[in-house]
Amino acid sequence: MKKTIILLLALLFVAGVAQAQKEFKLKSPEEGSVSLYGRVGFLDSRENRHSIGEDVIENPPFAVQLQNYVNQLEMASDANKIFVLQLRDLYFFKGKEDGKAVGLCRIRANAYDQQGDDYYFINRIDVVVTAKPKEIYAEAADALGTFIRESISAARMGDFPFTLAEVKDIDTFEKQDIPLFNAPAFADGVYYDYLDFADQKPTSIEMQPKMKDETLKEVKIYDESKKKWQKLSPDNVYAVVIGGQPYIAYDGKFWAGYLSDNNFLFNISYKVNSGNGGFSIGIGMGGGSRHGGMGGGIGYTFGAKKTVTQLMKIDHLNGTAIPAE
């Protein structure tokens, strides 16, 4: 009898978990949608292919969804014309906007025209979709579906082909044109957004830094209107570089950054309660706190607080700070 009750409770638990999970599914394309290509290929370049977020699953797997989607299009008769979708990121997470819960989804994908061993670039999507928590799955599906539909009906851009190896390592190729990842030294100054930091073009150079135990505690810049030195808030900048050492503004503090294996990294530390590993990433494009606001937060449970260190990585295309491990 006890075994029966335990089994029944287990089944109810599994059913409850399954019911709580949301399914990500591409919707059917608009009627009359056409394709310039006769076949479709798929490259899964996501760092984490096993999860697209908490309480959400691909059902069926995205490769199957993509094939089902294009099967509903009016395909070209030439089977040698191959459309390839490279999915680079698809991840759902939660945050807040104006004090209200919001659902978010990071989407990054490239589209190519494959001809033999050559891949010609067609289009790219790189967005963070935001919507009400219950609507984010449909909104993300719409955004990705629209990208696929528009890309598969478009011709390639340019005549410069990629090899398959270059496509699979597209991050490295993109970084070749970003000064941040190729400069012999970092340029001193204040950077108010990621684009300036990536281009290594500081807005101002004159600064008065204050260091303590090799940690940057504060930076002052000269205010021409007030004719005096003013403390610079980390919430209002993306980064500063002092004596060739870059510091990323994150969560109201400055954190020393560095290049390693063609990635820009920095370590942060924060306090959590024992037993809680509730670190959640943000989507900020500039400086400031990304544990609050739209960036989600740290959850707390009972217990003594402890300090946790987290290695962060700068997304080379948009400057978002994300966990590196």
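Residues numbered from 1 in each chain as written. Predicted model: local features only at pLDDT ≥ 70, side-chain atom pairs only at ≥ 80, totals over all residues. Heavy atoms only, no water.

1. Looking at the pairing of strand 16 (residues 305-314)
Sheet topology note: the strand 16/strand 17 (residues 321-323) ladder contains 3 bridges and is antiparallel. Within strand 17, the position partnered with I314 by the bridge is A321. Linking strand 16 back to strand 17 in an antiparallel pair, the connection comprises 6 residues, with G319 at a positive phi of about 80°. (Pairing = 2+ DSSP bridges. Helix = DSSP H or I, 4+ residues; strand = E, 2+ residues; numbered from the N terminus.)

2. Some thoughts on the nonpolar core
Ranked by internal contacts, the top residues of the largest apolar core, which has 32 residues, are F24, F62, F92 and I148. Contributions of two or more residues to this core are made by helix 2 (62-71), strand 4 (82-97), strand 5 (100-115), strand 6 (118-131) and helix 3 (136-152). The element contributing the most residues to this core is helix 3, with 8 residues. Setting aside anything within four residues of it in sequence, one finds F62 in contact with F24, L26, F42, L85, L87, L144 and I148. F181, F266, Y270 and V272 belong to the second largest nonpolar core, which has 22 residues in total. (Core = buried A, V, L, I, M, F, W, Y, C linked by side-chain atoms within 4.5 Å. Buried < 20%, exposed > 50% of the residue type's maximum accessible area, 1.4 Å probe, protein only. Contact = heavy atoms within 4.5 Å.)

3. Notes on the pairing of strand 14 (residues 253-260)
Relative to strand 14, strand 13 (residues 245-250) runs antiparallel, the two sharing 4 bridges. Bridging from a neighbouring strand, Y250 pairs with K253 of strand 14. Linkage of strand 13 to strand 14, two consecutive antiparallel strands, is achieved through a turn of 2 residues, within which D251 is found at a positive phi near 55°.

4. Observations concerning the pattern of salt bridges
The tally for this structure, following the rule as stated, stands at 15 salt bridges. Among the salt bridges present, the one from E58 reaches R46, with a minimum N-O distance of 2.5 Å. Here the residue E58 occupies a position in strand 3 (residues 56-58), and R46 occupies one in the loop between strand 2 (39-44) and strand 3, the gap between them amounting to 12 residues. Look at R46 and you get buried, because its relative accessible area is 6%. Sharing partners across several salt bridges, the network here consists of R88, R124, D171 and E174. (Salt bridge = Lys/Arg side-chain N within 4 Å of Asp/Glu carboxyl O.)

5. Brief notes about the sheet that holds strand 6
Pairing is mixed across the open sheet formed by 5 strands, whose spatial order is 2-4-5-6-7. The open sheet is flanked by strand 2 and strand 7 (161-162), the only strands paired with a single partner. Across the face of the sheet, helix 2 comes into contact with strand 2 and strand 4 while running at roughly 160° to strand 2. Relative to the sheet, helix 3 contacts strand 4, strand 5 and strand 6, its axis offset from that of strand 6 by approximately 160°. (Axes fitted to C-alpha atoms, helices over the stretch in contact; angles between N-to-C directions.)

6. Looking at the packing of helix 2 against helix 3
The contact between helix 2 and helix 3 brings their axes to 12 Å, and the two run at 55°. Taken together, the axes of helix 2 and helix 3 are oblique relative to one another. Every pair of crossing elements has a handedness; the one defined by helix 2 and helix 3 is right-handed. Contacts between helix 2 and helix 3 pair F62, L66, Y69 and V70 from the former with L144, G145, I148, R149 and I152 from the latter. Here the contact of helix 2 with helix 3 is built from residues that sort into 7 nonpolar, 1 polar and 1 charged. (Parallel < 35°, antiparallel > 145°, perpendicular 65-115°, else oblique. Left-handed = near helix turned anticlockwise from the far one by under 90°. Nonpolar A, V, L, I, M, F, W, Y, C, P; charged D, E, K, R; others polar.)

7. Digging into helix 3
Over its 17 residues, helix 3 extends 24 Å from the first C-alpha to the last, a length consistent with the 24 Å expected when each residue adds 1.5 Å. Listed in full, the buried residues belonging to helix 3 are I136, Y137, A140, A141, L144, G145, F147, I148, R149, S151 and I152. Looking at the buried positions of helix 3, the neighbouring elements they touch are strand 1 (22-24), strand 3, helix 2, strand 4, strand 5 and strand 6. (Expected span 1.5 Å × (residues − 1).)

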